[in-house]
Amino acid sequence: MAPQLDGYFQKVDELSDKFIDRLRQAVAIPSVSAEAARRPDVVRMGQFLADELTKLGASVELRQLGKQEGTDLDLPPVVLARYGNDKSKRTILVYGHYDVQPAQKSDGWDTEPFELVIKEDGRMCGRGSTDDKGPVLGWLNAIEAHQVAGIDFPVNLLMCFEGMEEYGSDGLDDLVYAEGKGFFADADAVCISDNYWLGTEKPCLTYGLRGVNYYNIEVSGPGADLHSGVFGGTAQEPMTDLVRIMASLVDSEGRILIPGIAEQVAPVTPDEEGLYDGISFSMETLYESLGSKTTIFDDKKRTLMARWRFPSLSLHGIEGAFSGSGAKTVIPAKVIGKFSIRTVPNMEIEKTNEAVVRYVEEVFSKLGSKNTLKVYPQHCGRWWVASPNHWNFSAAAKATERVWGVKPDFTREGGSIPVTLTFEQATGKNVLLLPMGSSTDGAHSINEKLDKRNYIEGIKLLGAYLHYVAEEPMN
Ligand SMILES: C[C@H](N)C(=O)N[C@@H](Cc1c[nH]cn1)C(=O)O
Ligand SMILES: [Zn+2]
Ligand SMILES: [Zn+2]
């Protein structure tokens, strides 16, 4: 099966320095979607991808999406590309994102976040290395290795790379629905490489994601920041109100304290109960990824369930609060608390938003404060669970076995890729998540990395998947 793969794999190995250099160039562009000042860099990153794809012979379009909601900022373009247009071949649509989470050396990074630093043990450190520049470049590298090896590319490839995923995929849903019967019309299946293995050794294929509802709680009072010696004890302090509200959202065992959330969660079925035992996952690897043993549960099953099939609420930060070193004696005039809820079947976005707003307003009113409160969702993305009984998944399973020598686990993912469900609905096709990186990569964290082994074998995996997909009987 897939007889040309050995030649392809050999070429990937030969070109590995070039592929690492491509990742180095991409990491050097600080394409942080959440920071307005970085928007030109996000646009530059989209252009970098478009140029690389053009050089590889793909037809490329930069699709503008208009303004970012509630701002005057232009959204970064979506890179739409096509490689191959042979009616006798299957067409696979791949999606990824070229924006990254914020990062500063002072957050605690050992090296400059926007410089790809390769350690002796093969860790390639840099923001976006695993999330999601490495996997996105994986598709480009797969094209190049085929060209250099003189091996026919097995499918037509449609590509959709966005620059706002880490900020809620603003504007993308409309484009995907509009192009479901347009640019994406030929797609036979969809593949997304933007999540991680459960551990460090066993590859997996992923068929579910949690959704995410991200909220702001604004509390304001004084007209300007105040001297706490002069005004402390005189003015009602927005920060005091906010921390009390935030403390009322979740307890230390991760229990969400907002009524109307747990009630929406689908009950655990007897079939599902047995599912977790067969998954390769150890608490030891989790401790390694976590960098500590401070887990809520001490066992595998409850930990996996908490990550995959129950909602969680995380407190992320407070805009406007003093957070530097030293001792600034200020009373912040306005503070914005940020938190998010990871959502699961059968939670509904609107119902969840209503429950959150009702609860926060109720807690605030009980404080008897004269300050002003605003609570609103910033962005929301839906959860997704699909059937892995599809040729798209069996092709990926065969490719995994060929590259990694083991059968993959079938997993769900605690993170969110809001557009996944949109692709499924807009194209009516099966969507597969095919991760490249491992659980210790530290996506969104300091010292994010992608292991050289996962990058290079991951490029082989993406190419092999396309070969098996081309051969797989339709079901
Ligand atoms: C799983 C994916 N690589 C990812 O990191 N997704 C983000 C999406 C998001 C939503 N709001 C902000 N970012 C995530 O799960 O946090
Ligand atoms: Zn991310
Ligand atoms: Zn991502």
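Rules used throughout
- Residues numbered from 1 in each chain as written.
- Chains lettered and ligands numbered in written order.
- Predicted model: local features only at pLDDT ≥ 70, side-chain atom pairs only at ≥ 80, totals over all residues.
- Heavy atoms only, no water.
- Axes fitted to C-alpha atoms, helices over the stretch in contact; angles between N-to-C directions.
- Helix = DSSP H or I, 4+ residues; strand = E, 2+ residues; numbered from the N terminus.
- Parallel < 35°, antiparallel > 145°, perpendicular 65-115°, else oblique.
- Left-handed = near helix turned anticlockwise from the far one by under 90°.
- Contact = heavy atoms within 4.5 Å.
- Nonpolar A, V, L, I, M, F, W, Y, C, P; charged D, E, K, R; others polar.
- Buried < 20%, exposed > 50% of the residue type's maximum accessible area, 1.4 Å probe, protein only.
- Pairing = 2+ DSSP bridges.
- Donors = N, O, S within 2.8 Å, 3.2 Å for Na, K, Ca; no water.
- Domains from an automatic or database assignment.
- Polar contact = N/O pair within 3.5 Å; in protein donor to acceptor, adjacent residues only side chain to side chain.

**Brief notes about the packing of helix α1 (residues 5-14) against helix α14 (residues 452-471)**
No. 1: Between α1 and α14, the least distance of the axes is 10 Å, while the angle of their chain directions is 155°. Overall, the two elements α1 and α14 adopt an arrangement that is roughly antiparallel. Handedness of the α1/α14 crossing: right-handed. Where α1 approaches α14, its residues L5, Y8, F9, V12 and D13 are matched on the opposing element by I456, E457, I459, K460, G463, A464, H467 and Y468.
No. 2: Taken together, the residues of the contact of α1 with α14 break down into 8 nonpolar, 2 polar and 3 charged.

**Concerning the pairing of strand β3 (residues 91-97)**
No. 1: The buried fraction of β3 is high, at 7 of 7 residues.
No. 2: Residues T91, L93, Y95 and H97 point to one face of β3 and I92, V94 and G96 to the other, with burial holding for every one of them.
No. 3: Here β3 pairs with strand β6 (residues 156-162) via 7 bridges, running parallel. Across the sheet, V94 pairs through a bridge with M159, a residue of β6.
No. 4: Where β3 and strand β7 (residues 189-192) come together, 4 bridges link them in parallel fashion. The residue bridging I92 from the neighbouring strand is A189, located in β7.

**Some thoughts on the coordination of the zinc ion (ligand 2)**
No. 1: Looking at the zinc ion (ligand 2), one finds its protein donor set to be D131 (OD), E166 (OE), E166 (OE) and H444 (NE2), positioned 1.9 to 2.7 Å from the metal centre.
No. 2: The metal-metal distance between the zinc ion (ligand 2) and the zinc ion (ligand 3) comes to 3.4 Å, with D131 coordinating both. Linking D131 in helix α4 (residues 129-149) with E166 in the loop between β6 and α5 (172-179), this pair joins segments that are 35 residues apart in sequence.
No. 3: E166 gets classed as buried once you look at its relative accessible area, which sits at 13%.

**Brief notes about the domain arrangement of the chain**
No. 1: One can read the domain layout of the chain as domain 1 (5-209 + 384-471) and domain 2 (211-265 + 310-381).
No. 2: Relative to domain 2, the C-alpha centre of domain 1 lies at a distance of 34 Å.
No. 3: Each side of the interface is counted separately: domain 1 has 9 residues, and domain 2 has 7 residues.
No. 4: One can count 3 residue pairs in polar contact (both at pLDDT 80 or more) joining domain 1 with domain 2.
No. 5: Its residues assigned to classes, the side of domain 1 that touches domain 2 comprises 4 nonpolar, 4 polar and 1 charged.

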